Amino acid sequence: MAAGSGVKVADNCVSVFQDMKMKSSWKFIIYKISNDQSIIEIERSESKKSFQYQDFVALLPPEDCRYCVYDFPYKTKEGAERNKIVFIAWAPDRAKIKTKMLYAASKDAFKKQLLGLAAELQATDLDELSEASILEKVR
């Protein structure tokens, strides 16, 4: 299925996400639009549950956009442990305008294929990617 921008979504983008959601097999998945701007593909995924959120954030390029899903662990106000899958649209200020526009135009159609997302975060700098920002979205 093509996104609103005409960019297609690779088949494994949705199937790997389903594995993440149903089997808790991935801590995060980072997606990118291919260099020829024709398809959304998986750039990296990580299965290690010990992988920390700060390590994930450090993988995001400072001058290029990405879509990500992250299995975010947190405690409820009552102290119960939970996990929610968060969609992150990373569009740093230093990314090229054309790239930001392509990611923005493709986001909604791509996100609709990832059924079961608990929250969405749009970030343009590292401050917006703080764990506190995500916690505010999932609680």
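In the block above lies the structure referred to throughout.
Everything in this summary refers to the structure shown in the same document. Note that the coordinates shown come from a computational prediction; the quantities given were computed from them, not determined experimentally. (Residues numbered from 1 in each chain as written. Predicted model: local features only at pLDDT ≥ 70, side-chain atom pairs only at ≥ 80, totals over all residues. Heavy atoms only, no water.)

## Describing the sheet that holds strand β4 (residues 66-75)
Here we have 6 strands laid out as an open sheet, ordered β1-β3-β2-β4-β5-β6, and mixed in their pairing. Two strands close off the open sheet at either side, each with one partner strand: β1 (8-9) and β6 (119-123). Sheet topology note: the strand β2 (residues 28-33)/β4 ladder contains 4 bridges and is antiparallel. When the sheet's bridge partners are listed, Tyr31 is paired in β4 with Tyr67. Packing of helix α1 (residues 11-23) onto the sheet brings it into contact with β1, β2, β3 (39-46), β4 and β5 (81-90), and relative to β2 it is tilted by some 165 degrees. (Pairing = 2+ DSSP bridges. Helix = DSSP H or I, 4+ residues; strand = E, 2+ residues; numbered from the N terminus. Contact = heavy atoms within 4.5 Å. Axes fitted to C-alpha atoms, helices over the stretch in contact; angles between N-to-C directions.)

## Some remarks on α1
With 13 residues, α1 should reach 18 Å at 1.5 Å per residue; the first-to-last C-alpha distance of 18 Å fits that figure. Where α1 is concerned, the buried positions are Cys13, Val16, Phe17 and Met20. All buried residues of α1 project into a common sector of 105 degrees when viewed along the axis, lining one side. Residues of α1 that are exposed and point more than 90 degrees away from the buried face comprise Asp11, Met22 and Lys23. Here the buried face of α1 lies against β1, β2, β3, β4, β5 and α3 (97-112). Note on α1: the residue one or two positions beyond its end, Ser24, has a positive phi of about 50 degrees. (Expected span 1.5 Å × (residues − 1). Buried < 20%, exposed > 50% of the residue type's maximum accessible area, 1.4 Å probe, protein only. Arc of directions from axis to C-beta.)

## Focus: the pairing of β2
Taking burial as the measure, the 6 residues of β2 include 6 buried ones, the bulk of the element. Burial along β2 is two-sided: the residues Phe28, Ile30 and Lys32 and Ile29, Tyr31 and Ile33 are all buried. Pairing geometry for β2 and β3, over 6 bridges, is antiparallel. When the sheet's bridge partners are listed, Ile33 is paired in β3 with Ile40.

## Remarks on the packing of aromatic side chains
Applying the stated criterion across every chain, the model contains 13 aromatic pairs. On the numbers, 5.1 Å between centres and 85 degrees between planes, the contact of Tyr53 with Tyr70 is edge-to-face. A residue pair is termed long-range when its members are at least 10 positions apart, and Tyr53 in helix α2 (residues 53-58) and Tyr70 in strand β4 qualify at 17 residues. By relative accessible area, Tyr70 is classed as buried at 2%. Arranged with centres 6.2 Å apart and planes meeting at 85 degrees, the rings of Tyr53 and Phe72 form a pair that is edge-to-face. Taken together, the positions of Tyr53 in helix α2 and Phe72 in strand β4 put the pair 19 residues apart, joining distant regions of the chain. Exposure class is identical for Tyr53 and Phe72. Each is buried. Taken together through their ring pairs, the aromatic side chains of Phe28, Phe51, Tyr53, Phe56, Tyr70, Phe72 and Tyr74 make up a single cluster. (Phe/Tyr/Trp six-rings, centres within 6.5 Å; stacked < 30°, edge-to-face > 60°.)

## Re the side chain of Lys27
Relative to the assigned elements, Lys27 resides in the loop between α1 and β2. If we skip the residues at most four places from it in the chain, Lys27 touches Met20, Glu46, Ser47, Lys48, Lys49, Phe51, Val69, Tyr70, Asp71 and Pro73.

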